[in-house]
Amino acid sequence: QVQLVESGGGLVQAGGSLRLSCAVSGRTFSSYAMGWFRQAPGKEREFVAAISWSGGSTYYADSVKGRFTISRDNAKNTVYLQMNSLKPEDTAVYYCAARRSGSRYYTRIMEYDYWGQGTKVTVSS
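Residues numbered from 1 in each chain as written. Predicted model: local features only at pLDDT ≥ 70, side-chain atom pairs only at ≥ 80, totals over all residues. Heavy atoms only, no water.

## As for the overall build of the protein
Along the backbone of the protein there are 0 helices and 11 strands. Along the protein, from the amino end to the carboxyl end, the secondary structure elements read β-β-β-β-β-β-β-β-β-β-β. Taken over C-alpha atoms, the radius of gyration comes to 13 Å for the protein, in line with the 14 Å a tight globule of 125 residues would show. For the protein, the spread of C-alpha atoms along the principal axes amounts to about 40 × 25 × 25 Å. Within the protein, the fraction of its 125 residues that count as buried is 42%. In the protein, 58% of the contacts between residues at least 6 apart in sequence involve partners at least 24 apart. (Helix = DSSP H or I, 4+ residues; strand = E, 2+ residues; numbered from the N terminus. Rg over C-alpha atoms; globule rule 2.2 N^0.38 Å. Buried < 20%, exposed > 50% of the residue type's maximum accessible area, 1.4 Å probe, protein only. Contact = heavy atoms within 4.5 Å.)

Dropping the structure here:
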């Protein structure tokens, strides 16, 4: 059973930074495409960032491009989301997701096989 555990969320002032981590169990992490999604109160879950299994390809939602960076450490079975210049509209529960196969990044919820429980990020104005 693959498990994803997010950490690093919290309360931060606008303009601040946070780094989210997602630790993935199992021996095949290096073959997984990974993604970050978020869900704000009263809204649908939305795509934030994605990275291919090798880390060679990344993709971002327009709303976070230039502020957020996704990366991975296959030796540590961990994917990260560095969030800079945070805005109140970034407030949400952030989820990481894993896809078992594929050579590129993926941006749709239905394309992922496993999900974490989420970590809450609150950005105060």
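Resuming the write-up.
## Comments concerning the pattern of salt bridges
For the coordinates displayed, the defined rule picks out 7 salt bridges. Its salt-bridge partner being arginine 67, residue aspartate 90 comes within 2.7 Å of it at the nearest N-O pair. In this pair, aspartate 90 sits in the loop between β8 (78-83) and β9 (92-99) while arginine 67 sits in the loop between β6 (58-60) and β7 (68-73), placing the two residues 23 residues apart along the sequence. The salt bridge partner of arginine 104 is glutamate 111, with a shortest N-O separation of 3.9 Å. A residue is classified by how much of its surface remains accessible, and arginine 104, at 42% relative accessible area, is partly exposed. Several salt bridges converge on common partners, so that one network encompasses Arg38, Glu46, Arg67 and Asp90. (Salt bridge = Lys/Arg side-chain N within 4 Å of Asp/Glu carboxyl O.)

## Notes on the environment of arginine 67
Arginine 67 gets classed as buried once you look at its relative accessible area, which sits at 10%. Taking the C-alpha atoms as reference points, arginine 67 and valine 24, 43 residues apart in sequence, are found 24 Å from one another. Not counting chain neighbours up to four residues away, the residues in contact with arginine 67 comprise Gln82, Met83, Asn84, Ser85, Leu86, Lys87 and Asp90.

## Points about the environment of leucine 20
Relative to the helices and strands, leucine 20 is located in strand β3 (residues 18-24). Distance from leucine 20 to isoleucine 70, taken between C-alpha atoms, is 9.4 Å for residues 50 residues apart in sequence. Other than its neighbours up to four places away in sequence, leucine 20 contacts Ser7, Gly8, Gly9, Trp36, Val79, Tyr80, Leu81, Met83, Tyr94, Thr119 and Val121.

## Focus on the nonpolar core
Core analysis: the largest hydrophobic core is formed by 37 residues, its most contacted members being Leu4, Met34, Trp36, Leu81, Met83 and Tyr94. Listed by contribution, the elements that provide at least two residues to this core are β3, β4 (33-39), β5 (46-51), β7, β8, β9 and β11 (119-124). Setting aside chain neighbours within four positions, we find tyrosine 94 in contact with Glu6, Leu20, Trp36, Phe37, Arg38, Val48, Phe68, Leu81, Met83, Gly118, Thr119 and Val121. (Core = buried A, V, L, I, M, F, W, Y, C linked by side-chain atoms within 4.5 Å.)

## Details of the packing of aromatic side chains
Evaluation of the coordinates by the stated rule reveals 7 aromatic pairs. Relative to tryptophan 115, the ring of tyrosine 112 has its centre 6.1 Å away and its plane inclined at 65°; by these criteria the two rings are edge-to-face. Given the relative accessible area of 6%, tyrosine 112 is considered buried. Residue class for tryptophan 115 comes out partly exposed when judged on its relative accessible area of 25%. Through a chain of ring-to-ring contacts, the aromatic side chains of Phe37, Phe47, Tyr59, Tyr105, Tyr112 and Trp115 assemble into a single cluster. The positively charged end of arginine 99 is found above the aromatic ring belonging to tyrosine 106, 4.0 Å away from the centroid. (Phe/Tyr/Trp six-rings, centres within 6.5 Å; stacked < 30°, edge-to-face > 60°. Lys NZ or Arg CZ within 6 Å of the ring centre and 35° of its normal.)

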